[in-house]
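# An overview of the molecular structure
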Amino acid sequence: AVIAALAAIAHLALLSAAVLVQGRSAVQSALLLNGILAGGLSFGAIWPHFVVLTSELFGSLHLSKNYMFIDGGCGAVGTI
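So, here's what we can say about the structure. Nothing here was measured: the structure is a model prediction, and the numbers come from that model. Sequence positions are assigned chain by chain, starting from 1 and proceeding in written order. Given that this is a predicted model, residues contribute local features only at a pLDDT of at least 70 and side-chain atom pairs are listed and counted only at 80 or more, while totals for whole chains, interfaces and linings are drawn from all residues. To get the side-chain values, all heavy atoms of the structure are used, and hydrogens and water are removed first.

Now for helix α2 (residues 26-58). By the criteria applied, helices consist of DSSP H or I runs no shorter than four residues and strands consist of E runs no shorter than two, each listed in order from the N terminus. What a helix should span is 1.5 Å times the count of its residues minus one. Between its first and last C-alpha atoms α2 spans 48 Å; for 33 residues at 1.5 Å apiece the expected length is 48 Å, and the two agree. Taken residue by residue, α2 has Gly35, Ala38, Ser42 and Thr54 as its buried positions. Looking one or two residues beyond α2, the residue adopting positive phi is Gly59, at roughly 85°. The buried label applies to any residue whose accessible area, calculated with a 1.4 Å probe on protein chains only, is under 20% of its type's maximum; exposed applies above 50%, and partly exposed to all values in between.

The structure is reproduced here in structure tokens:
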């Protein structure tokens, strides 16, 4: 829940920087930088949880195959 809240804060900060604050100002720069920081932290914090989630859902016998389907499959489909 903490990671999701951090991602929501990042989205709000980036949206505020783009829509609410027009022009080049220090407030816009601060919102943009804080949004990027919060987004990077939340995105980086969620991916290690996929290893545990994959292990819990599919068992640890074929963990490497199932994890690469989740982790590698999304990247492969996204480039098409």
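That covers the picture; the talk isn't over yet.
Time to look at the packing of helix α1 (residues 2-20) against α2. For every element, the axis is a line fit to its C-alpha atoms; helices are fit only across the contacting stretch, and the angle between N-to-C directions ranges from 0 to 180 degrees. Look at α1 against α2: their axes get within 8 Å of each other, and the N-to-C directions meet at 150°. With respect to α2, the axis of α1 lies roughly antiparallel. The hand of the α1/α2 crossing is left-handed. Of the residues in α2, those touching α1 at Ile3, Leu6, Ala7, Ala10, Ala13, Leu14, Ser16 and Ala17 are Gln28, Leu31, Leu32, Gly35, Ile36, Ala38, Gly39, Leu41, Ser42, Ala45, Ile46 and His49. Among the residues forming the contact of α1 with α2, the class breakdown is 14 nonpolar, 6 polar and no charged. Should an angle lie under 35 degrees it is considered roughly parallel, over 145 roughly antiparallel, and from 65 to 115 roughly perpendicular; all remaining angles are considered oblique. Note on convention: the crossing is left-handed when the near helix lies turned anticlockwise from the far helix by less than a right angle, right-handed when the turn is clockwise. Note on contacts: a residue pair qualifies if any of its non-hydrogen atoms lie within 4.5 Å across the two residues. Any residue that is not Ala, Val, Leu, Ile, Met, Phe, Trp, Tyr, Cys, Pro, Asp, Glu, Lys or Arg is counted as polar, Gly included; the first ten are nonpolar and the last four charged.

Right, let's talk about the environment of Phe43 for a bit. On the secondary structure map, Phe43 appears in helix α2. On the basis of relative accessibility, which here comes to 51%, the residue Phe43 falls in the exposed class. The spatial distance from the C-alpha of Phe43 to the C-alpha of Ala4 is 9.5 Å, given a sequence separation of 39 residues.

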